Amino acid sequence: MKFERYGRGIAKGMVVTMINLLRPRVVTQYPEQKLTISQRTRGNELVWDKDKCTGCGTCSKTCPQGVIRIETSVGDENKYFVESFEVDTGYCISCGLCVEACPYDALFMGYAYELGRYRRGDLVLTRDEMASEERIRSGYNRPEVAETLPRQTLLIEREGD
Amino acid sequence: MQLRTEPYVLDMGPVHPSTHGVFRMRVTLDGEAVLNLEPVFGYLHRGVEKLAEERAYSGVIPLTDRLDYVASMTNNLAYVLAVEKLAEIKVPERAEYLRVIMSELQRISAHLVSIGSFTNDSGCYFTPFLYMYREREKIVDLFDMVCGQRLLYNYMRIGGVSQDIPDEFLPALRKVVKHLPGRINEYDRLLSENEIFLARTKGVGILPKETAINIGASGPVLRSTGIEWDIRKKDPYSIYDRFDFDIPTGEAGDCYDRYYVRLQEMRQSIRIVEQALKQIPSGPVKADVPQLIRPPVGEAYGHVEGPTGEVGFHVVSDGGIAPYRCHIRAPSLMNLTGLYDMSVGWKVQDLIVIFGSFAITMGEIDR
């Protein structure tokens, strides 16, 4: 193909490149600088409220991957006692269906990322780990929790012209 | 003296940067010219159709995310439309609007990825690609705000959407909708007249109209040949009949037309989002549907116009909690059947451009 217009298209494109050169940078230096994540983050780390849980097992039934294992025994006051509650997060696809299904609002997605572990066994979350106070609850399908979390950083607000 | 040449078989892929995943092309070459081409795929086969048979109806939605992973929302939508048709569920008005907004935003973001990677394939490395990704990031932020993840959204539910949008969503969306047209015009100026880009794409890899119809192509690949076919117009699903938009078409059916149709489609999508923003009502976002639904015995086909073409789900129910059979119509796979006709006779470097212009996703082809 001939250069019929003597490279005018390229010059036009270069103008766009020059405009973009002057725009503020949008990237962040990740481990040092961190952006606030969404209030509804579906982090892999499930958080469990052991007081609200009745051991009905709905979460286990709805899990598409079948990774939630829950064992109960009859406890006092006509309630089930949750003996073991395990989630193999290695197989978890973070779909959040268990949180949506929970009829007693006892299960939450975790407000966390950086989920790498050194050993595969560490990926299996146990009952006490999930009930730990240190875990921050995410607002996924729990609007009352979402209100308490900081606002997500949006690129449109950082960049908008 | 006559030089004797003989054909040479080259395996391009499965691990090759411009095959967009794990696609393998067995190319027979004469020098640099392509004599024959045999696509080999299946490297990313995960058996999604079979897995769907042992999951509850709601549990299949996360699987559909993983088909065309740059356009999860439209995959979700196609599946839930099929199940809703089967179980005769009526979706609340607000949910319909949210679905339209999400799938149009998804179309813009997927087209940005397509154009970005296409320019990468055609030799303008990474400058346009990163511009496109910057704009996509603004849309992905919105998805993240609504459904908590950046890539596999799992947002649509049978009978609506998973949860209502947060309060800060609509103001942010208005900003994005105001901001994007200017950027799209900018990228139009950046690429559409660039002589080098034109030389690489104009007249390359022409798909004739008849072939496009015969192979069952859809989406921008079909529209680039000049056929005005868009399911949003021809068989309006959801509430698409309420919006006013055009179907951009190409003329020649070459790589440039496929790129240009995508660019124009983004503008149309913004138009739809703008109209939806004006009309969106308040109200519930999910019909009263149990988590484990049992649709009546029967079958239904739900299809949407995805970014790559017609995404369709054929769901057969035997009255149980899991689909009896779930067939997926993958647009990328159908479009890719035209690859042989388009690339034979061209050079190896053109083959990369032709292949890139399909904007395929391997997750969808291998399923």
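This section reports on the structure supplied with the text. Note that the coordinates shown come from a computational prediction; the quantities given were computed from them, not determined experimentally. (Residues numbered from 1 in each chain as written. Chains lettered and ligands numbered in written order. Predicted model: local features only at pLDDT ≥ 70, side-chain atom pairs only at ≥ 80, totals over all residues. Heavy atoms only, no water.)

1. Here's the deal with the overall build of chain B
Move 1: A count of helices and strands for chain B gives 15 helices and eight strands.
Move 2: Whereas a compact globule of 367 residues would reach a radius of gyration of roughly 21 Å, chain B reaches 21 Å, a difference of no more than 12%.
Move 3: With respect to the three principal axes, the spread of C-alpha positions in chain B is 80 × 45 × 35 Å.
Move 4: Considering only contacts in chain B between residues 6 or more positions apart, those separated by 24 or more positions represent 72%.
Move 5: When the accessible surface of chain B is totalled, it reaches about 13500 Å², and 54% of it is carbon and sulfur.
Move 6: For chain B, the distance from the average site of its 41 positive side-chain charges to the average site of its 48 negative ones is 3 Å. (Helix = DSSP H or I, 4+ residues; strand = E, 2+ residues; numbered from the N terminus. Rg over C-alpha atoms; globule rule 2.2 N^0.38 Å. Contact = heavy atoms within 4.5 Å. Areas by Shrake-Rupley, 256 points an atom, 1.4 Å probe, with all protein chains shown as cover. Lys, Arg positive; Asp, Glu negative; His and termini not counted. Charge placed at Lys NZ, Arg CZ, Asp CG, Glu CD.)

2. What about the sheet that holds strand 7 (residues 310-317) of chain B?
All names here are of chain B.
Move 1: Taken in spatial order, the three strands of this open sheet run 6-7-8, and their pairing is antiparallel. This sheet does not close on itself; its edge strands, each paired only once, are strand 6 (298-305) and strand 8 (325-329). The mean inter-strand angle of the sheet, taken between neighbouring strand axes irrespective of direction, is 10°.
Move 2: Pairing geometry for strand 6 and strand 7, over eight bridges, is antiparallel. (Pairing = 2+ DSSP bridges. Axes fitted to C-alpha atoms, helices over the stretch in contact; angles between N-to-C directions.)

3. Re the sheet that holds strand 2 (residues 68-74) of chain A
All names here are of chain A.
Move 1: With respect to topology, three strands assemble into an open sheet ordered 2-3-5, the strand pairing being antiparallel. Two strands in the sheet have a free side with no partner beyond their single neighbour: strand 2 and strand 5 (124-125).
Move 2: Note that strand 2 and strand 3 (residues 80-88) share seven bridges and pair antiparallel. Each residue of the ladder has a partner; that of Ser73, found in strand 3, is Phe81.

4. Focus on the nonpolar core
As a rule of thumb, soluble globular proteins bury nonpolar side chains together.
Move 1: Residues Tyr79(B), Tyr155(B), Leu173(B) and Phe313(B) are the most contacted members of the largest nonpolar core, which totals 113 residues.
Move 2: Ranked by the residues each element gives to this core, the list is headed by helix 6 (residues 169-191) of chain B, at 11 residues.
Move 3: Core analysis: the next-biggest nonpolar cluster, separate from the first, contains 21 residues, Cys53(A), Ile68(A), Met130(A) and Tyr140(A) among them. (Core = buried A, V, L, I, M, F, W, Y, C linked by side-chain atoms within 4.5 Å. Buried < 20%, exposed > 50% of the residue type's maximum accessible area, 1.4 Å probe, protein only.)

5. Some words on the state of the cysteines
Residue and element names in this part refer to chain A.
Move 1: Counted under the stated rule, the structure contains zero disulfides over all chains.
Move 2: Free of any disulfide, Cys59 has its nearest neighbouring cysteine sulfur in Cys56, separated by 6.4 Å.
Move 3: Sulfur of Cys95: no disulfide; nearest cysteine sulfur belongs to Cys63 and is 6.2 Å away.
Move 4: We classify Cys95 as buried; its relative accessible area is 9%. (Disulfide = S-S within 2.5 Å.)

6. With respect to the packing of helix 4 (residues 93-121) of chain B against helix 11 (residues 255-279) of chain B
Helix-helix packing is described using two parameters, namely the angle between the two axes and the distance between the axes.
All names here are of chain B.
Move 1: Running from N to C, helix 4 and helix 11 cross one another at 155°; their axes reach a closest spacing of 9 Å. Between helix 4 and helix 11, the crossing angle belongs to the class labelled roughly antiparallel. In this structure, the crossing between helix 4 and helix 11 has a hand that is left-handed. Here Tyr97, Val100, Ile101, Glu104, Arg107, Ile108, His111, Leu112, Ser114, Ile115 and Phe118 of helix 4 lie close against helix 11, whose contacting residues are Cys255, Tyr259, Arg262, Leu263, Glu265, Met266, Ser269, Ile270, Ile272, Val273, Ala276 and Gln279.
Move 2: For the contact of helix 4 with helix 11, a count of residues per class yields 15 nonpolar, four polar and four charged. (Parallel < 35°, antiparallel > 145°, perpendicular 65-115°, else oblique. Left-handed = near helix turned anticlockwise from the far one by under 90°. Nonpolar A, V, L, I, M, F, W, Y, C, P; charged D, E, K, R; others polar.)

7. Quick word on the side chain of Ser343(B)
Move 1: The residue Ser343(B) is located in helix 13 (residues 339-343) in this model.
Move 2: Looking at Ser343(B), its side chain comes within polar contact range of the main-chain oxygen of Leu339(B), at 2.6 Å. (Polar contact = N/O pair within 3.5 Å; in protein donor to acceptor, adjacent residues only side chain to side chain.)

8. So, the pattern of salt bridges
All names here are of chain B.
Move 1: Evaluated as defined, the whole model comprises 32 salt bridges over all chains.
Move 2: Of the charged contacts in the structure, one is a salt bridge between Glu310 and Arg329, with a shortest N-O distance of 3.8 Å. Residue Glu310 is located in strand 7, and its partner Arg329 is located in strand 8; the two are separated by 19 residues in the primary sequence.
Move 3: Using a relative accessible area of 12% as the deciding quantity, one classes Arg329 as buried.
Move 4: Through salt bridges with shared partners, a single ionic network connects Glu104, Arg107, Arg223, Asp230, Arg232, Glu265 and Glu305. (Salt bridge = Lys/Arg side-chain N within 4 Å of Asp/Glu carboxyl O.)

9. Notes on the interface of chain A and chain B
Move 1: If you look at the interface, chain A gives 41 residues, while chain B gives 42 residues.
Move 2: Each partner contributes to the roughly 3800 Å² buried at the junction of chain A and chain B, and carbon and sulfur atoms together form 50% of this total.
Move 3: Of all residues in chain A, Arg40(A), Arg42(A) and Ile156(A) bury the most surface against chain B, accounting for 18% of the area lost on that side.
Move 4: In this structure, the connection of chain A to chain B is made through three salt bridges. (Buried area = accessible area lost by both parts, 1.4 Å probe.)

10. Quick look at helix 1 (residues 8-22) of chain A
Move 1: Relative to the 21 Å expected for 15 residues at 1.5 Å per residue, helix 1 of chain A spans 22 Å between its end C-alpha atoms, a close match to the ideal helical length.
Move 2: Looking at helix 1 of chain A, one finds that the buried residues are Gly9(A), Gly13(A), Val16(A) and Asn20(A). Here the buried residues of helix 1 of chain A occupy an arc of 50° about the axis, which is enough to place them on one side. Exposed positions of helix 1 of chain A whose direction lies more than 90 degrees from the buried face are Arg8(A), Leu21(A) and Leu22(A).
Move 3: Buried-residue contacts for helix 1 of chain A involve helix 5 (127-147), helix 6 and helix 7 (195-201) of chain B. (Expected span 1.5 Å × (residues − 1). Arc of directions from axis to C-beta.)

11. Here's the deal with helix 4 of chain B
Move 1: The terminal C-alpha atoms of helix 4 of chain B lie 42 Å apart, and with 29 residues this matches the ideal 42 Å at 1.5 Å per residue to within 8%.
Move 2: Downstream of helix 4 of chain B by a residue or two, Gly123(B) has a phi angle that is positive, lying close to 110°.

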